[in-house]
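Each chain is listed here by its residues.
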Amino acid sequence: MENQYQYFKRDISWLSFNYRVLLEAEDDSLPLYERINFISIYSSNLEEFYKIRVADHKAIATGAAQSDEETVQSTIELVDAINLEVNRQLEERIRIYEQKILPALKKNHIIFYQSRNVEPFHRDFVRRFFREEIFPYLQPVPVSKDKVISFLRDNRLYLAVRLHLKGIPADAPGATQYFVMKQPYSKVPRFIGLPKVGNNYYLMFIEDIIKANLDVIFPGYEVDSSYCIKISRDADILIDDAANTSEIIEQVKTKVKKRKIGDVCRFVYDRAMPQDFLDFLVDAFHIDRRELVPGDKHLNLEDLRHLPNPNPNIPPIRKPQPMKLTCLNERESIFQYVEKKDLLLHYPYHSFEHFIHFLYEAVHEPTVREIMVTQYRVAENSAVINTLIAAAQNGKKVTVFVELKARFDEENNLATAEMMKAAGINIIYSIPKLKVHAKVALVLRRDQQGKKLTSYAYISTGNFNEKTATLYADSGLFTCNRILVNDLHNLFRTLQGKENPEFHRLLVARFNLIPELNRLIDHEMELARKGKPGRIILKMNALQDPTMINRLYEASQAGVEIDLIVRGICCLIPGQSYSRNIRVTRIVDTFLEHARIWYFGNGGNPKLFLGSPDWMRRNLYRRIEAITPILDPDLRQELIDMLSIQLTDKRKACFVDENLRNCWKSAHPQKEKIRSQYTFYELLKLKIEN
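Everything numeric here is computed off the predicted structure, so don't read it as measured data.

Colleague: I'd like to hear about the pattern of salt bridges, residue by residue, with values.
Modeller: Evaluation of the coordinates by the stated rule reveals 39 salt bridges. Between Asp-303 and Arg-190 there is a salt bridge whose closest N-O contact spans 2.8 Å. Taken together, the residues span a long stretch of sequence, with Asp-303 in the loop between β9 (292-295) and α9 (334-340) and Arg-190 in the loop between β4 (176-182) and β5 (191-197) at a distance of 113 residues. Relative accessible area serves as the criterion here: at 7%, Arg-190 is assigned to the buried category. For Lys-539, the salt bridge is made with Glu-593, and the minimal N-O distance between the two is 2.7 Å. Placement of the pair is Lys-539 in strand β19 (residues 535-540) and Glu-593 in strand β22 (residues 592-593), with a sequence separation of 54 residues. Across this residue pair, the class does not change: Lys-539 and Glu-593 are buried. By sharing partners, the salt bridges in this structure join Arg-20, Glu-24, Asp-27, Arg-651 and Lys-652 into a single network.

Colleague: So what's going on with the sheet that holds strand β20 (residues 561-566)? Which residues, and what values?
Modeller: The strand order across the open sheet built from 9 strands is β18-β26-β24-β23-β19-β20-β21-β27-β28, with neighbouring strands paired in mixed fashion. Each having just a single partner strand, β18 (507-508) and β28 (662-664) make up the two edges of the open sheet. Across 5 bridges, strand β23 (residues 596-600) lies against strand β24 (residues 607-611) in antiparallel orientation. In the strand pairing of β24, Phe-600 is matched with Lys-607.

Colleague: Let's hear about the side chain of His-437: which residues, and what values?
Modeller: Considering the arrangement of structural elements, one finds His-437 in the loop between β14 (435-436) and β15 (439-445). For His-437, a relative accessible area of 7% gives the class buried.

Colleague: Got a sec to walk through the UniProt feature "active site" (unreviewed entry) in the protein chain? Specific residues and values, please.
Modeller: On the UniProt side, "active site" (unreviewed entry) is annotated at positions that read His-437 here. Beyond its immediate chain neighbours, meaning those up to four positions away, His-437 contacts Tyr-376, Arg-596, Ser-612, Asn-619, Arg-623, Ile-624 and Glu-625.

How each quantity is defined
- Residues numbered from 1 in each chain as written.
- Predicted model: local features only at pLDDT ≥ 70, side-chain atom pairs only at ≥ 80, totals over all residues.
- Heavy atoms only, no water.
- Salt bridge = Lys/Arg side-chain N within 4 Å of Asp/Glu carboxyl O.
- Helix = DSSP H or I, 4+ residues; strand = E, 2+ residues; numbered from the N terminus.
- Buried < 20%, exposed > 50% of the residue type's maximum accessible area, 1.4 Å probe, protein only.
- Pairing = 2+ DSSP bridges.
- UniProt positions renumbered as here; feature names shortened; annotations may be inferred.
- Contact = heavy atoms within 4.5 Å.

Here is the structure:
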């Protein structure tokens, strides 16, 4: 029987999310430099998208790779659809930048030059600055179709220049020449501050300063034109999933070094470039025309996160400051608190220092015999790692599972693992054919006679990373519930190669997660069919697995009311006959919504869960993920309050409709009072004060 259900394409859905990020730059109620930062985030997201997702599709389209989901033809069509949507978004990005951001800067007395043409009072400065600060670092490289081509580095900005020899007709052989120059960002900043004039501050792109001085670089030539170009290269390194630990380590060491020289997946160029100029570059650098992606005159706008703010009267970006719980100050014992009551922390509203304190207490508590932690993405110079090393040096048995296949963190994870291993920590590396994405920690206690004492489990939605804990909105549970502690111990034994694990309350992907999810959904459907309220709320980063989407479609048809709070990819299509009871909400704001929290109404006695997985194939079937039920009624209510606030947010939340449009919930969202991230912060703050 043919499947009656339909799904959004994963990558087109992701582009809808990234467009929603861009729309934050249009919100003039936000601090100006926060709006500028959202353009940077949008651009950075798109760069990684091409280097991973589009690169994968191109490999399939050329026959270099195979896919169970896409044919060569469907992949080609998908890449065309991606480029079409990216081009549409480019128009919007230019509009927001030129019609919203630049005028807002000017209103705040910051003149940001957008071409090589400057006011007369700045010409001498630009000339002098170029000669003294930029010119010594420029290395023009000639480009010819008939000679060995120069290598264009990944994501580096180049200036392509077309010249004519003076005194020779332009159509004469050899009269026209082409050069490329890499911008010297390691030596000179991308954005240059010019002398202040009156009340106005002035900024300029380094490439525009170079364009204004091309005659100095190329004496004896007439400059025809110059345009920025860049290349994105395939950054997805393929690790053999079936390899053993030592082979994986060697693959990581060798393959990450090749990331910067991967195949071209995108050639971005200034769309004002004449076609014959573009044709020459395409032929000279052997660019496949399917890899051409037009851009604006200024590329790599992810650099805008470094745009200087020369005007002291412009308020800086202010974020809610992490709170410390009075019951968990440095003089109090987290162990003693958790023995009495489960503890739920929400980052970045709560301070990540509480987790560091938890580990620090484990280091110095004599009855602690063993500490176990998973590591997926860890901060550089990590306080977490330093504390674990201190524990090992203090005689504790410390075991850390290190996932070497965490994309873009392979080298850092390997280096950190080797450092921990040298300090006496027991390191477990990647499991063949699996990624371990669970974010869990376990502290085991015994008395001097070896008798088990109360132990502690920590299950989180986010990584043990103090840097991202200030940027990502995550939640983590501390508990000493004996069943959950034993389940988590069994999970670590599984990671160490033990077979036939049993989990009683902890839900673990590839073991008991899918059966329990099906049971929970079935129960809500049964309630709805009996005329009772069936209710599901699912908060996650991504929803892509067709099997689980089908279950939600079925639940909708049975009358279950379903709200999805999905930040990124959502392949479920709302607004269809089979999804009429499903609403999809997307929230984009100061912090990256990263928590995975699930609510099942259960006939008025709600069940809530918190953990690491999204509902994507990779999370549900090819990773080790951990999800805990929330057993404490007060903490369940706290999560219900969070979900309720997010669903009533009309300020930064929007609906995703059946055409993947981000639809505001209010005609005037900027006037709405509930801004879920800040409203929830105030709620948590009120709880501390009371």
